[in-house]
Amino acid sequence: MDGASEMAKKSIADVDCQGKVVLMRVDFNVPQDDSGAITDDRRIRMALPSIESVVKRGGKLVLMSHLGRPKGKGPEPEFTLRPTAVRLSELLGLPVAFASDTVGPDAEANVKALQNGGVLVLENVRFNPGEKDGEAVYSNKLASWADIYCNDAFGTCHRLEASMVAVPNAMGAKPKVVGFLVAKEIQYLSDTIANPQRPFVAILGGAKVSDKINVIQNLLGICDQVLIGGAMAYTFSLAQGGATGKSLVEKDKVDLAKKLIAMGGDKLVLPVDTHCGDDFKGSCNKQVVKAGEIPDGWEGLDIGPETAKKFASIAGKAKTIVWNGPMGVFEMPPFDRGTIAVAEAIAKSDGISIIGGGDSAAAIEQLGFADSVTHVSTGGGASLSMLEGEKFAAVELLDNC
Ligand code: AMP
C-alpha cells in the first residue's frame, strides 16, 4: 500500500475553525442495554480530541453518526443518538444540542442557532434513505451547511455510505480533513505497516481462514513471519494431511490453505501443539497433543504450551508486531492461556505493537495490557480491511497536506 500518500492527509489541526461550521462524521455507534443506557462510551471518548480541538478554536461543531442498523425508512426510537449527546455533554462539561432529525427543519434550525464553540449532535444518519442510496438532495443539504468536513469515524471508514463519501464529495473545494482518531489509525494500520521496522511479525488467529485470507496474503507479502493460531490453524493442519478430530475446520478452504503454505514458505509459522478438549466446555476433559494429531472425538480449543512459548519468543524479538484474532477460545478458560501468553509477550516487547480491532483488542484490554502496546485499533471490519491493504474511498477523497 502506498503509505506516503495516506500519511499526507490534511488534519483538523491544519484548518482554521473560528466561526466555521465543522461537519464531523464520528462513530457514536455505542453498545446499549435494553433500557437504552450506554454500556461502554469508549467510542465517544475516542472522538474527544477532535471535538475539543474544534470547540476550543471557536468552531461551530455539527456531529453526525449512525447507531445500530435501523431500516432507513424514518426514525426508530431504539436507535436514537440522543443518549450519546447527553453523554458527550457530560464528558465535555459543556451543553450539547441535539436535533431530532438529520437534514430536516430541526437540524437546520439547530445548525443556524450554533454559536462559536457550540456543539450539536444530529439524529442517526441511518434514519434517512439517502444515507444508504447516496441520494443527492440528502447529501447536498448536509454539505451546504458546512464550511469544513472532518472524518473521525474510523470504524466506518471502509463503508461507502453518504455521510462518509457523498457528503464530503458534495462539498466541492471546501476543506475536507481527517480527525485525530482516523489519522492515528492510518498511521499505524497503514503507514507503519508499509515501512516497518524489522523483524516485522504478524500474529493471526480467530475462527475462520475465510475471514482473514486477504489479510494473510497481504501480510505474507510484507512481514518477515506470519504466525497462525486459533481455529484457523486446523484448516492449515488439514492441508498438511494432519488429523483435526472434531475441531472447527473449513474443508472448502483446504486448497487455499495449501496455496498460502506454498506462498509463505518459512515465513508462515503454524502451531506445533494443540490444547484439546472432548467437549466445547471449560470443564471438559483435556489433553495437549502434537499439531496434526488431534484424536477422533476431540477438538482443538487453543494453541498448546510449546506453541505459546514459540510464538512469545518470536514476538519478543520483533521490532514491529501486528496482532489480530485470539489464539483459542479465550472466552472459555483454561483455553485462554495461548491468547494470554501472546498478549503478555506483545505487551512486554519494546517493538511497535499494533492490535487489530475486535476480539484481540477486547482481550488486550481485559488483560490490562492496553497501555503497554503502541496502538489498539478501534475498528473491527475497518481494521481488517486496512490490514488487507485496501484503500478507503472515504479517506482517499480527503485533502492532502
Ligand atoms: P474472529 O472473530 O475470527 O477473530 O474469531 C474470534 C473467535 O474465534 C472467538 O470467539 C474465539 O472463541 C474463536 N476461536 C478461536 N480459536 C478457536 C478454536 N480453536 N475453536 C473454536 N473457536 C475458536
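As the structure is a prediction and not an experimental result, all values here were calculated from the model. Within any chain, residue numbers begin from 1 and follow the written order of that chain's sequence. Owing to the predicted nature of the model, reporting of local features is limited to residues with pLDDT of at least 70; listing and counting of side-chain atom pairs is limited to 80 or more, with chain, interface and lining totals taken over all residues. Note: side-chain values were computed over all heavy atoms of the structure, leaving out hydrogens and water.

## Brief notes about the domain arrangement of the chain
Each domain of the chain was delimited in the assignment, giving domain 1 (5-181) and domain 2 (188-387). In this structure, domain 1 and domain 2 have C-alpha centres spaced 36 Å apart. Listed per partner, the contact involves 9 residues of domain 1 and 13 residues of domain 2. Buried area is understood as the total, over both parts, of accessible area removed when two parts are fitted together, assessed with a 1.4 Å probe. Note on domain 1 versus domain 2: buried area summed over both sides is about 830 Å², and carbon and sulfur give 61% of it. A pairing counts as a salt bridge when a side-chain nitrogen of Lys or Arg comes within 4 Å of a carboxyl oxygen of Asp or Glu. Connecting domain 1 to domain 2 are 1 salt bridge. The domain limits used here are those given by an automatic or database domain assignment. Should any heavy atoms of two residues lie within 4.5 Å, those residues are counted as being in contact.

## Concerning unusual backbone geometry
Of all residues except glycine, most have a negative phi; of all peptide bonds, most are trans. The residue after R198, namely P199, is reached through a cis peptide bond having omega 5°. Going from P333 to P334, the amide bond is cis rather than trans, its omega being 5°. With respect to the helices and strands, P334 occurs in the loop between β15 (320-324) and α13 (337-348). Strands are runs of DSSP state E lasting at least 2 residues, helices are runs of H or I lasting at least 4, and numbering of each runs from the N terminus.

## So, the site of the ligand
By nearness alone, 16 residues border the ligand, and A207, K212, G300, E331 and D359 come closest of all. Pairing of N or O atoms within 3.5 Å defines a polar contact, subject to two protein rules: one partner must be a possible hydrogen donor and the other a possible acceptor, and residues neighboring in sequence count only if both atoms are side-chain atoms. A distance of 3.1 Å separates an oxygen atom of the ligand from a polar side-chain atom of K212. Residue G300 places a main-chain N or O atom 3.1 Å away from a nitrogen atom belonging to the ligand. Within the complex, 81% of the 500 Å² of free accessible area of the ligand lies under protein. Here a residue counts as near a molecule or strand whenever at least one of its heavy atoms sits within 4 Å of it. Areas reported as accessible are Shrake-Rupley estimates using a 1.4 Å probe. Residue values count occlusion only from the protein chains shown.

## A closer look at the state of the cysteines
Cysteine sulfur atoms are paired as a disulfide whenever they fall within 2.5 Å. With the rule as written, the count across this model stands at 0 disulfides. Considering cysteine sulfurs only, C150 is the nearest to C17, which forms no disulfide, with 8.5 Å between them. Take C284: it sits in no disulfide, and the sulfur closest to it among the cysteines is that of C276, at 9.4 Å. Among the residues examined, C284 registers a relative accessible area of 7% and is labelled buried. Buried means the residue's accessible area, taken with a 1.4 Å probe over protein chains only, is under 20% of the maximum for its type, while exposed means over 50%, and partly exposed covers the values in between.

## Structural notes on helix α6 (residues 136-145)
Considered for burial, the residues of α6 that qualify are Y138, S139, L142, A143 and W145. Viewed end-on, α6 has its buried residues packed into an arc of 165°, placing them on one side of the element. Structurally, α6 contributes buried residues whose contacts are with β1 (21-26), β2 (60-64), α4 (105-113), α5 (129-133) and α7 (166-170). The reported arc concerns the directions from the helix axis to the C-beta atoms and nothing else.

## Observations concerning helix α11 (residues 254-264)
Regarding α11, the residues found buried are V254, L256, A257, L260 and G264. For α11, the angular spread of buried residues about the axis comes to 155°, placing them on one side. Of the exposed residues in α11, the ones pointing more than 90 degrees away from its buried face are D255, K259 and A262. Packed against the buried residues of α11 are α9 (213-222), α10 (232-239) and β10 (268-269). Looking one or two residues beyond α11, the residue adopting positive phi is G265, at roughly 55°.

## Concerning the pattern of salt bridges
Per the stated rule, a full pass over the model turns up 13 salt bridges. Notably, a salt bridge pairs E108 with K112, separated by 3.5 Å at the nearest N-O pair. Residue E108 and its partner K112 are both found in helix α4; the two are separated by 4 residues, about one turn of the helix. On the accessibility criterion, E108 (25% relative accessible area) is partly exposed. What emerges from the salt-bridge pattern is a single network uniting D41, R45, R87 and E90.

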